[in-house]
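An overview of the molecular structure
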Amino acid sequence: MEQPTLYSLDHLVITAADMDATITFYTQVLGMTHRTLEVPGERARHALFFGDHKINLHQLGAEFEPKARKADAGTADLCFLTQDPLDAWQAHFAATGTEIELGPVPRTGAQWTMQSLYIRDPDGNLIEVGARA
């Protein structure tokens, strides 16, 4: 039997210590859209959307089941792609008071080589913003 294959990522989960601060960061600094998702019989869920992608948010200590074995805030390392020049992102980060930890620096992505900037979200998750080189 041939091994089955995956074709895409539907969503990923970030565990947040402060839900409001996390939502504010991802919407105001990275331009994502926040939605509260109502699930009958469960408490409301929070999700962030950008392009065709979704990030589910779990509150630290009140994660939805099933969850990662060691769910904790600040353990993610994520790379987001942009079509905008990194100098526009540098100006945007400066305007929002977001410190650039590193960059621009060359990196090898899944699809191509790129230049990247690194910042941190309120929980300390490493966020990379990469543009095709």
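Look a little higher up for the structure.
Residues numbered from 1 in each chain as written. Predicted model: local features only at pLDDT ≥ 70, side-chain atom pairs only at ≥ 80, totals over all residues. Heavy atoms only, no water.

Quick look at the sheet that holds strand β2 (residues 33-37) now. The mixed open sheet is built from 4 strands, whose spatial order is β1-β4-β3-β2. Across the chains shown, the open sheet's two edge strands, defined by having one partner strand only, are β1 (11-16) and β2. Averaged over all pairs of adjacent strands, the angle between strand axes in this sheet comes to 30°, irrespective of strand direction. Both β1 and strand β4 (residues 53-59) contribute to a ladder of 6 bridges, which runs parallel. Bridge pairing links A16 to Q59 in β4. On the sheet, helix α1 (residues 19-29) packs against β1, β2, β3 (45-50) and β4 and is oriented at approximately 160° with respect to β4. (Pairing = 2+ DSSP bridges. Helix = DSSP H or I, 4+ residues; strand = E, 2+ residues; numbered from the N terminus. Axes fitted to C-alpha atoms, helices over the stretch in contact; angles between N-to-C directions. Contact = heavy atoms within 4.5 Å.)

So, on to the packing of aromatic side chains. Evaluation of the coordinates by the stated rule reveals 3 aromatic pairs. Look at F50 and F80: their rings are 5.2 Å apart centre to centre, the planes differ by 85°, and that puts the pair in the edge-to-face class. You can see F50 sitting in strand β3 and its partner F80 sitting in strand β5 (residues 77-82), a full 30 residues away along the chain. The class for F80 is buried, based on a relative accessible area of 11%. Sitting over the face of the ring of F49, R35 holds its NZ or CZ atom 3.9 Å from the ring centroid. (Phe/Tyr/Trp six-rings, centres within 6.5 Å; stacked < 30°, edge-to-face > 60°. Buried < 20%, exposed > 50% of the residue type's maximum accessible area, 1.4 Å probe, protein only. Lys NZ or Arg CZ within 6 Å of the ring centre and 35° of its normal.)

A few words now on the environment of T82. With respect to the helices, strands and loops of the structure, T82 is situated in strand β5. For the pair T82 and V129, spaced 47 residues apart in sequence, the C-alpha separation works out to 6.7 Å. Discounting residues that sit within four places of it in the chain, T82 has contacts with W89, V129, G130, A131 and R132. A polar atom in the side chain of T82 sits 3.0 Å from the backbone nitrogen of D84. (Polar contact = N/O pair within 3.5 Å; in protein donor to acceptor, adjacent residues only side chain to side chain.)

For A76, the position within the fold is in the loop between β4 and β5. Through-space distance from the C-alpha of A76 to that of L126 is 6.4 Å; in sequence the pair is 50 residues apart. Not counting the four nearest positions on each side in its chain, A76 is found in contact with N125 and L126.

All of the buried residues in α1 are M19, T22, I23, F25, Y26 and V29. The distance from a side-chain oxygen at the start of α1 to the backbone nitrogen of D20 is 3.2 Å, and the residue carrying that oxygen is D18. Within two residues after α1, G31 carries a phi angle of roughly 75°, on the positive side.

Everything listed here is a matter of coordinates, which is why it stays silent on function.
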